[in-house]
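This is what each chain is made of:
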Amino acid sequence: MNFKKLLTITALTSVFALIACNDDKKAEVVTPQPTTQTITVGVMAGPEHQVAEIAAKIAKEKYNLDVKFIEFNDYALPNPAVSKGDLDINAMQHKPYLDSDTKANNITNLVIVGNTFVYPLAGYSKTIKDVSELKEGAKVAVPNDPSNQGRALILLEKQGLIKLKDVNNLNATPLDIVENPKNLQISPVDTAVAARALDDVDLAVVNNTYASQVGLTTTDNGVFVEDKDSPYVNIIVARQDNKDSTAVQNFVKAYQTEEVYQEAVKHFKDGVVKGW
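Because the structure is predicted, anything quoted here is derived from the model rather than measured.

A. Region of the structure containing the packing of helix H2 (residues 47–63) against helix H7 (residues 246–255). Close contact between H2 and H7 brings their axes to 8 Å; oriented N to C, the two are set at 120 degrees. Considering the angle they form, H2 stands oblique to H7. In this structure, H2 crosses over H7, and the sense of that crossing is right-handed. Where H2 abuts H7, its residues Val 51, Ala 52, Ala 55, Ile 58, Ala 59 and Tyr 63 lie against Asn 250, Phe 251, Lys 253, Ala 254 and Tyr 255.

B. Spatial organisation of H2. Counted at 1.5 Å a residue, the expected span for H2 with its 17 residues is 24 Å, and the 24 Å between its end C-alpha atoms agrees. If you check which residues of H2 are buried, you get Glu 48, His 49, Val 51, Ala 52, Ala 55, Ala 56, Ile 58 and Ala 59. Buried residues of H2, seen end-on, are gathered within an arc of 170 degrees and therefore sit on one face of the element. One or two residues past the end of H2 sits Asn 64, with phi positive at roughly 55 degrees.

C. A look at empty space enclosed by the protein. Summed over the entire model, instances satisfying the criterion amount to 1 cavity of 30 Å³ or more. Approximately 50 Å³ is the volume attributed to the largest cavity. Lining the largest cavity we find Val 43, Glu 48, Ala 52, Ala 91, Met 92, Thr 116, Tyr 119, Asn 234 and Tyr 255. Put simply, the parts of the chain that give the lining of the largest cavity at least two residues each are H2 and strand S3 (89–94). Residue composition of the lining of the largest cavity, grouped by class: 6 nonpolar, 2 polar and 1 charged.

D. Quick peek at the layout of surface pockets. One number sums up the size of the largest pocket: a volume of about 920 Å³. Tyr 75, Tyr 119, Asn 207, Asn 208 and Thr 209 are the residues nearest the centre of the largest pocket, which is lined by 37 residues in total. Those elements that place two or more of their residues in the lining of the largest pocket are H2, S3, helix H4 (95–104), helix H5 (146–158), helix H6 (208–213) and helix H8 (258–268). Residue composition of the lining of the largest pocket, grouped by class: 15 nonpolar, 18 polar and 4 charged.

E. Region of the structure containing H7. Of all 10 residues in H7, 7 are buried; the element is thus mostly enclosed. Taken together, the buried positions of H7 are Ala 247, Val 248, Asn 250, Phe 251, Val 252, Ala 254 and Tyr 255.

F. Structural detail: the environment of Val 140. Tracing the backbone through its elements, the reader meets Val 140 in strand S7 (residues 139–143). Owing to a relative accessible area of 0%, Val 140 belongs among the buried residues under this scheme. Residues Val 140 and Leu 156, spaced 16 residues apart in sequence, show a C-alpha to C-alpha distance of 9.9 Å. The contacts of Val 140, once residues within four sequence positions are left out, are Leu 156, Leu 184, Gln 185, Ile 186, Ser 187 and Leu 203.

G. Region of interest: the packing of H2 against H8. Running from N to C, H2 and H8 cross one another at 160 degrees; their axes reach a closest spacing of 9 Å. Overall, the two elements H2 and H8 adopt an arrangement that is roughly antiparallel. Considering how the two elements wind past one another, H2 and H8 form a crossing that is right-handed. Contact with H2, carried on its side by Pro 47, Glu 48, Gln 50, Val 51, Ile 54, Ala 55 and Ile 58, involves Glu 259, Val 260, Glu 263, Ala 264, His 267 and Phe 268 of H8 and no other residues of that element. Among the residues forming the contact of H2 with H8, the class breakdown is 8 nonpolar, 2 polar and 3 charged.

H. Seen up close, the sheet that holds strand S4 (residues 110–115). The strand order across the open sheet formed by 5 strands is S2-S1-S3-S13-S4, and the pairing between neighbours is mixed. Looking at the sheet topology across the chains shown, the edges are occupied by strand S2 (65–72) and S4. Strand after strand, the sheet turns through a mean of 35 degrees between neighbouring axes, direction not considered. Sheet topology places S3 next to strand S13 (residues 234–239); 4 bridges connect them, and they run antiparallel. Each bridged residue has a counterpart across the sheet, and for Ala 91 the counterpart in S13 is Ile 236. Of the strands in this sheet, strand S1 (37–44), S2, S3 and S13 are in contact with H2, which crosses S2 at around 165 degrees. Its contacts with the sheet put H4 on S3, S4 and S13, and the angle it makes with S3 is roughly 105 degrees.

Each value, and the rule that gives it
Residues numbered from 1 in each chain as written. Predicted model: local features only at pLDDT ≥ 70, side-chain atom pairs only at ≥ 80, totals over all residues. Heavy atoms only, no water. Axes fitted to C-alpha atoms, helices over the stretch in contact; angles between N-to-C directions. Helix = DSSP H or I, 4+ residues; strand = E, 2+ residues; numbered from the N terminus. Parallel < 35°, antiparallel > 145°, perpendicular 65-115°, else oblique. Left-handed = near helix turned anticlockwise from the far one by under 90°. Contact = heavy atoms within 4.5 Å. Expected span 1.5 Å × (residues − 1). Buried < 20%, exposed > 50% of the residue type's maximum accessible area, 1.4 Å probe, protein only. Arc of directions from axis to C-beta. 1 Å grid on protein atoms, 1.4 Å probe; cavity = no way out; pocket = protein on both sides within 12 Å on 5 of 7 lines; lining within 4 Å. Points joined across faces, edges and corners; volume = space filled by probe spheres on them. Nonpolar A, V, L, I, M, F, W, Y, C, P; charged D, E, K, R; others polar. Pairing = 2+ DSSP bridges.

Geometry only, nothing functional implied.
Written out as structure tokens, the structure reads:
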């Protein structure tokens, strides 16, 4: 074999080796996976946390978002924790509570990024099925604590039973009633025993927590119930500086799903209403 032919063979071998090497490199190319994000969420211990865990599962599956929960037993703690940056968001309150808490603690950097559920007040009765059946002078019990009392009166106005001086006044009392066509006898009673007053009144407006304790359900005993437009819909709260972040927005989307609603129904039966 002459020198010129040997040189040609060597060159061709080098070319084939280079092509093979490049093919191997192409085969080893791996499509980059989406970057895993994390978010820290404050929730109240108990059923609300269990419901939120379903949102975390969906957030991981759909958005590759890792959710870490911090549980609380004290409502006074989650808002300052978000404000200071110890939490990214919380999901444990309604707007009236947020407004009151942030005002009392001079917190100015929190914003609402989404709704969760209404845990509704409802009107219950053992004698009627519709508000039209309430007779002249019927006895109506409402909770006596400031927050739930105003909420109950607003609900009565929505049913056309009374008219308030200001339907947006969440702290309304019976003294704020300006019209009472049926002359209903509206009596504030201890919130914890309102459900037990049904033997003595024609209608009682009851917090769902206490209603469930005595076996009341909106299906069997409910005359009316708050809907998703209630000012007491629970909310997800973030800071001004992170409200538009992908992690926050994806958690909200994961929470506002049918799977999360069905989990809430398991825990709260008919005492939960979608807020979105």
